[in-house]
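Structure assessment
As a plain string of letters, each chain reads:
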Amino acid sequence: MPAGKPAVLNIKNEDATAEEFDSSALKIEKVIGGGKEGSVRLRPLDPGNYPFMGEYHEDTAKGVVIAE
Ligand SMILES: [Cu+2]
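Our subject in this report is the structure included herewith. Keep in mind the model is a prediction, meaning the values are calculated, not measured.

Analysis parameters
Residues numbered from 1 in each chain as written. Predicted model: local features only at pLDDT ≥ 70, side-chain atom pairs only at ≥ 80, totals over all residues. Heavy atoms only, no water. Donors = N, O, S within 2.8 Å, 3.2 Å for Na, K, Ca; no water. Tetrahedral: all angles 85-135°; square planar, octahedral: opposite > 155°, others 65-115°. Buried < 20%, exposed > 50% of the residue type's maximum accessible area, 1.4 Å probe, protein only. Core = buried A, V, L, I, M, F, W, Y, C linked by side-chain atoms within 4.5 Å. Helix = DSSP H or I, 4+ residues; strand = E, 2+ residues; numbered from the N terminus. Contact = heavy atoms within 4.5 Å. Pairing = 2+ DSSP bridges.

**Digging into the coordination of the copper ion**
The coordination sphere of the copper ion, as far as protein atoms go, consists of Glu 20 (OE), Asp 22 (OD), Glu 29 (OE) and Glu 55 (OE), spread over 1.8 to 2.0 Å. One can describe the donor arrangement at the copper ion as irregular, given that its four donor atoms subtend angles of 73 to 164° at the metal. The motif formed by the donor residues of the copper ion, counted along the single chain, is E-x1-D-x6-E-x25-E. Glu 20 sits in the buried class, given a relative accessible area of 10%. Looking at Glu 29, the relative accessible area reads 55%, which means it is exposed.

Structure follows, in C-alpha cells:
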C-alpha cells in the first residue's frame with residue numbers, strides 16, 4: 001500500500017470459527033466471526049513492514065502490511 005495515505009483493509013475469515021486480526025505494529029485488534037468479512041482503517045503509515053497475526057492461531061496465521 002502507499003505510505004502516507006490512509007487506507008482500508010478488507011479482511012475475509014475463510015475459517016468456520018472466529019479469528020482476531022491483531023497487530024501491535026498497526027495498533028489494531030478486531031474479531032471477525034467464522035465465514036465473515038470485516039474492514040479496518042489504517043492510519044497513514046511511514047514506509048515499512050507492519051506484521052499482523054490471527055491471535056487465535058498465531059503460529060500459522062501471519063502476514064504483513066507493507067507501506068512503501
Ligand atoms: Cu488481540
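Further notes follow.
**With respect to the nonpolar core**
Judged by nonpolar contacts, Ile 11, Phe 21, Leu 26, Ile 28, Ile 32, Val 40, Leu 42, Leu 45, Tyr 50, Val 65 and Ala 67 together constitute the single largest core of 11 residues. Counting residues per element, the ones that place at least two in this core are strand S3 (28-32), strand S4 (37-42) and strand S6 (62-67). Apart from the residues lying within four places of it in its own chain, the contact partners of Ile 32 are Ile 11, Asn 13, Ala 18, Glu 19, Glu 37 and Gly 38.

**A few points about the pairing of strand S2 (residues 19-23)**
For S2, a buried count of five out of five residues is recorded, marking the element as mostly surrounded by other parts of the structure. Of the strand pairs in this sheet, S2 and S3 are connected by five bridges, and their pairing is antiparallel. If you follow Ser 23 over to S3, its bridge partner there is Ile 28. Hairpin geometry of S2 and S3 is characterised by an intervening segment of four residues between the two adjacent antiparallel strands and by a positive phi of about 60° at Lys 27. Pairing analysis gives two bridges linking S2 to strand S5 (residues 48-54), with the strands arranged antiparallel. Opposite Phe 21, over in S5, you have Gly 54 as the bridge partner.

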